[in-house]
Amino acid sequence: MIFNRKKEEMPNLYNEKVVGKEGVFYKENSEIGVINVEIKLERVKNGGVFEWDDMIACNRSIGRHFITDDVKSVINIGSGVGTFEFNNAPEHTDVQFTASEMDEKSTEWVKQNRAMPNVEYCTSSMDELKGRKFDLAVTVDVLEHVKEYKQFLEEFSKLSDYAVISTPNRDRSITELSKPTYEYHVQEFNAGELYFILKMFYKDVQLYSFPDPYKEDLVKVGLYSSYYKLVAVCRN
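Asker: Got a sec to walk through the nonpolar core? Specific residues and values, please.
Answerer: Counting residues in hydrophobic clusters, the biggest one holds 29 residues, and the most contacted among them are Phe152, Leu153, Phe156 and Leu159. Those elements giving two or more residues to this core turn out to be strand S1 (73-77), helix H5 (126-129), helix H6 (149-156), strand S5 (162-168), helix H7 (191-198), strand S6 (204-209) and strand S8 (229-235). Ignoring anything within four residues of it in the chain, the contact list for Phe152 reads Ile77, Met126, Thr139, Val142, Leu143 and Val146. If you look at the next biggest cluster of nonpolar residues, it comprises 28 residues, including Val74, Val95, Phe97 and Val164.

Listed below in C-alpha cells is the structure:
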C-alpha cells in the first residue's frame, strides 16, 4: 500500500502567541504512547493516509545512509507498523532485521501484512533482548513518547555500539514551548538538549537533519538547528 499526504496536511506546529520577557514554561504531558495500527487504519477509512510521507522519508533515509556494509543485524525499538523494515529490508537482503513493538495488535498486523524473510517482528522488551548484540540499533520517533527517557536510553545503548535515534526538534516551533506541539508527545528536545543527553550514553554523537522533511537528503547540523527533525548517529 502507498499513501501520500500533501505538505499542507502536516500538523500545525505554529501559533501566533508572543513569548513574553518571562520566557516560557515547560509542562509535561501525561504519557500517552505511540499511535497504534487501529488508529492508522481508521484514518485510512476516513479518507486519510496510513503513513505520513515525511515519516516514510525519514525511515528510508536512515536505512539508505546508515545501514553500512558492515551492518548485518539491526534492532528497531518501537517499530510500530514496520515502516523502517518495509522500506529498507528489501534493499538489504543480507541484513537480519529485528523489529520490536510492544503494541500486540500492531505486531500482529505487520506479521500478516509486511512479512519478509529477513525480518523478525516481535513484542520483546529491551530487557528481554539485552542478551543479544546487534550491529545497529535504531529507534525512529519514539524517544518523545517515553516519559522515563533516561532509563530508555540506558537500556537502548546496551543493544549496540552503533545507533541511530530520530526525534522531532523542539525548536522547529519557536513561539510556543510550554508543551509539545503534538498531543501524543510526552516531551521534546532541541538539538543541544538531545546532543548532551545522548553524550551520557555514547562517546560520539553526530546530529543530522532534513532541509526538506519530504526528501531523503540529510545534512549535518549543530546545536542550534531549527530543522523539523533531528537524527542522531551515535557510537561507542
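Anyway, onward from the coordinates.
Asker: Can you break down the sheet that holds strand S3 (residues 119-122) residue by residue, with the values?
Answerer: Either a parallel or an antiparallel arrangement is found when strands of a sheet pair, and the pairing is made through backbone hydrogen bonds. Strand order across the open sheet formed by eight strands is S3-S2-S1-S4-S5-S8-S6-S7, with mixed pairing between neighbours. Of all the strands in the sheet, just S3 and strand S7 (219-220) have a single pairing partner and so form its edges. The sheet contact formed by S5 and S8 spans seven bridges and is antiparallel. When the sheet's bridge partners are listed, Tyr162 is paired in S8 with Arg235.

Asker: Explain the pattern of salt bridges to me, using residue names and the numbers behind them.
Answerer: By the definition in use, this model includes ten salt bridges. A salt bridge links Lys229 to Asp141, with the nearest nitrogen and oxygen atoms 2.3 Å apart. Remark: Asp141 occurs in the loop between strand S4 (136-140) and H6 and Lys229 occurs in strand S8; sequence separation between them is 88 residues. Note on Lys229: relative accessible area 4%, which makes it buried. We classify Asp141 as buried; its relative accessible area is 10%. Sharing partners across several salt bridges, the network here consists of Arg60, Arg64, Glu216 and Asp217.

Asker: Let's hear about a nonpolar patch on the surface: which residues, and what values?
Answerer: Together, Phe196, Leu223 and Tyr224 give the surface a local cluster of nonpolar side chains, amounting to about 400 Å² of exposed area. In this fold, Phe196 is placed in helix H7. A residue is classified by how much of its surface remains accessible, and Phe196, at 51% relative accessible area, is exposed.

Asker: Describe the confidence of the model for the protein, listing the residues and the values that go with them.
Answerer: Per-residue confidence for the protein gives a mean pLDDT of 83; residues scoring 70 or more make up 78%. A low-confidence stretch, residues 1-8 (pLDDT under 50), is modelled with 20 contacts involving residues beyond four sequence positions or located in other chains. The low-confidence segment residues 10-34, where pLDDT is below 50, has 50 contacts with residues more than four positions distant or belonging to other chains.

Asker: Got a sec to walk through H7? Specific residues and values, please.
Answerer: Taken together, the buried positions of H7 are occupied by Ala191, Gly192, Leu194, Ile197 and Leu198. The inward-facing, buried residues of H7 contact H6, S5, S6 and S8. For H7, the side-chain oxygen to backbone nitrogen distance between the N-cap and Gly192 is 3.2 Å, and the N-cap itself is Asn190.

Basis of the calculations
Residues numbered from 1 in each chain as written. Predicted model: local features only at pLDDT ≥ 70, side-chain atom pairs only at ≥ 80, totals over all residues. Heavy atoms only, no water. Core = buried A, V, L, I, M, F, W, Y, C linked by side-chain atoms within 4.5 Å. Buried < 20%, exposed > 50% of the residue type's maximum accessible area, 1.4 Å probe, protein only. Helix = DSSP H or I, 4+ residues; strand = E, 2+ residues; numbered from the N terminus. Contact = heavy atoms within 4.5 Å. Pairing = 2+ DSSP bridges. Salt bridge = Lys/Arg side-chain N within 4 Å of Asp/Glu carboxyl O. Patch = residues over 30% accessible without salt bridge, like charges linked within 9 Å, V, L, I, M, F, W, Y side chains within 5 Å. Areas by Shrake-Rupley, 256 points an atom, 1.4 Å probe, with all protein chains shown as cover. pLDDT = per-residue confidence, 0-100. Polar contact = N/O pair within 3.5 Å; in protein donor to acceptor, adjacent residues only side chain to side chain.

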